[in-house]
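Here's the letter readout for the chains.
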Amino acid sequence: MKGRYLFSFIVSLLGIVLFTMSQFTIATPAPIFRPIIRNVQNQLPRRMIMRLPASLDITGVNGRIRIYPILEPNSRSCFGRNCFRVSLTSEPDCQARACGLGYIATFRPSSDYADIVQSLGDERYRVTSSITLREGIRGTYVYADPRGVSSGPFSVVIWNQNGQTFIVSLPFSQQEKQKIINIAISMANEPPIRSIR
């Protein structure tokens, strides 16, 4: 009888320890971001955070595309707003449009981003839907086809969290909608990267 109580106590204690440890476990962003984490922390404006996904894969005609992140602190390329942006390119240190695959960005304060959605091209070639990224966090998925010679279709997910607006934009087709939504869900649920300034 005494042995059974001791066993139950040990199992309960082990459960509490494991639960507590999981609360302090810090998930890590996708491997492509690991070399720039310290730079993100150093370059983020004070009291700002950045969210990066735990995984990020883009496939092309010839299979998986290698992605290179480029930091763009204080970029004005987020719909005319000052933002912290991580551009995703197919070549290291390439900022030419031909290398661009997409980006992840944030700006503050958070805003009603209806104007951003409207700026993503003619509404006849735009599909928009409301999505849930986590409990209490809703976002907007947008598929846009600018029908231009130099730019093809792309998908965007945009949402407000922690007093900031977050955006992920990638060259995904409407058929790949769930891929970009999963990336945004990962971003919304991963622990944030904080400025160390």
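Up top you'll find the structure we're talking about.
Okay, so let's go over this structure. All values derive from a computational prediction rather than experimental measurement.

## Side note on the side chain of Gln164
Part 1: For Gln164, the position within the fold is in strand E10 (residues 164–170).
Part 2: A distance of 2.9 Å separates a polar side-chain atom of Gln164 from the backbone nitrogen of Ile49.
Part 3: Among residues more than four places away in sequence, those in contact with Gln164 are Arg47, Met48, Ile49, Thr106, Phe107, Arg108, Ser110 and Trp159.

## Structural notes on the pattern of salt bridges
Part 1: Scanning the model with the defined rule gives three salt bridges in all.
Part 2: Between Arg85 and Glu72 there is a salt bridge, with its nearest N and O atoms 3.5 Å apart. In this pair, Arg85 is assigned in strand E5 (residues 81–89) and Glu72 in strand E4 (residues 68–78), connecting sequence segments 13 residues apart.
Part 3: Classification of Glu72 by relative accessible area gives partly exposed; the value is 22%.

## Some thoughts on the pairing of strand E8 (residues 137–144)
Looking along a regular strand, one sees the side chains alternate between the two faces of the sheet.
Part 1: Taking burial as the measure, the eight residues of E8 include seven buried ones, the bulk of the element.
Part 2: In this sheet, E8 lies alongside strand E7 (residues 126–134) in antiparallel orientation, the contact comprising eight bridges. Looking at E8, one finds that Ser130 is bridged to Thr140.
Part 3: Where E7 folds back on E8, the antiparallel hairpin that results is connected by two residues, among which Gly136 adopts a positive phi of roughly 85°.
Part 4: In this sheet, strand E9 (residues 154–161) lies alongside E8 in antiparallel orientation, the contact comprising six bridges. Considered in E9, the bridge of Tyr141 is made with Val157.

Here is what the cut-offs are and how they apply
- Residues numbered from 1 in each chain as written.
- Predicted model: local features only at pLDDT ≥ 70, side-chain atom pairs only at ≥ 80, totals over all residues.
- Heavy atoms only, no water.
- Helix = DSSP H or I, 4+ residues; strand = E, 2+ residues; numbered from the N terminus.
- Polar contact = N/O pair within 3.5 Å; in protein donor to acceptor, adjacent residues only side chain to side chain.
- Contact = heavy atoms within 4.5 Å.
- Salt bridge = Lys/Arg side-chain N within 4 Å of Asp/Glu carboxyl O.
- Buried < 20%, exposed > 50% of the residue type's maximum accessible area, 1.4 Å probe, protein only.
- Pairing = 2+ DSSP bridges.

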